[in-house]
Amino acid sequence: MIFGEARQSDVSEIERIAIGYTAINRANDGKKFNGETIREAILKHRVNDKGEIFFQYSCFNYGDPNRKQLMDPQKYDSRSFEKCLAIAEKILSGNEKYPAHGATHYYNPDEVKKKPSWADKIKKIGRIKVSENRLSKHEFYREE
């Protein structure tokens, strides 16, 4: 999920960590519809009234350009994949602190043409500090 959502070279490690933690926060939020395990939270999907499947993490959506790379990440970009795996291992081992105040959602306003409908329904945390003079590309949000 981290590879699919945040492998770009301009996304900092801190931002990747924050994105990875959103799955943990969803799994631990007590809301069954978000998934009850990390795996469920990452792969949870909904079906709209047209029968189309939409995943909580857009990189898994059919038609999303990132989905193809997720099917064979070593072939597409092995260096970024290895970095993302290392970040996931640090998160799961408890060796990384969570930098985005319990966020369960995020999006990159520069990449998304239209603000997601959920963004006005949950608490905005905002961008996080990724270096002394730089904020994250993604805006983070938390379900209450």
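Everything in this summary refers to the structure shown in the same document.

**Quick look at the environment of Tyr 57**
Stage number 1. Relative to the elements of secondary structure, Tyr 57 occurs in the loop between β2 (53-55) and α4 (65-71).
Stage number 2. The exposure class of Tyr 57 is buried, given its relative accessible area of 1%.
Stage number 3. Put simply, Tyr 57 and Glu 5 are 52 residues apart on the chain and 7.6 Å apart in space, counted from C-alpha to C-alpha.
Stage number 4. Setting aside residues up to four positions removed in sequence, Tyr 57 forms contacts with Met 1, Glu 5, Thr 22, Ala 23, Arg 26, Ala 41, Ile 42 and Tyr 106.

**Looking at unusual backbone geometry**
Stage number 1. Here the phi dihedral of His 101 falls at roughly 50 degrees; this positive angle occurs in a residue that is not glycine.
Stage number 2. In this fold, His 101 is placed in the loop between α5 (73-93) and β3 (105-107).

**What to know about the packing of aromatic side chains**
Stage number 1. Across all of its chains, the model carries 10 aromatic pairs by this definition.
Stage number 2. Among the aromatic residues, ring-to-ring pairing joins Phe 3, Tyr 76 and Phe 81 into one connected group.
Stage number 3. Here the guanidinium or amino end of Arg 7 rests over the ring plane of Phe 3, the centre of that ring lying 4.9 Å away.
Stage number 4. Between the NZ or CZ atom of Arg 26 and the centre of the ring of Tyr 57, over which it lies, the distance is 4.5 Å.

The rules behind the values
- Along each chain, numbering runs from 1 in the same order as the chain's sequence is written.
- Local features in this predicted model are restricted to residues whose pLDDT is 70 or higher, and side-chain atom pairs enter the listing and the counts only when it is 80 or higher, whereas totals over whole chains, interfaces and linings include all residues.
- Think of the side-chain values as coming from all heavy atoms in the structure, minus any hydrogens and water.
- Only DSSP runs of H or I covering at least 4 residues are called helices, and only runs of E covering at least 2 are called strands; the numbering of each starts at the N terminus.
- For the exposure calls, accessible area comes from a 1.4 Å probe over protein chains only, and a residue counts as buried if that area is under 20% of its type's maximum, exposed if over 50%, partly exposed in between.
- Contacts: residue pairs with any heavy atoms within 4.5 Å of one another.
- For Phe, Tyr and Trp, where Trp contributes only its six-membered ring, two rings pair if their centres lie within 6.5 Å, and the inter-plane angle classes them as stacked under 30 degrees, edge-to-face over 60, or tilted in between.
- Comment: the charge-over-ring label is applied if NZ (Lys) or CZ (Arg) is within 6 Å of the ring centre and within 35 degrees of the ring normal.

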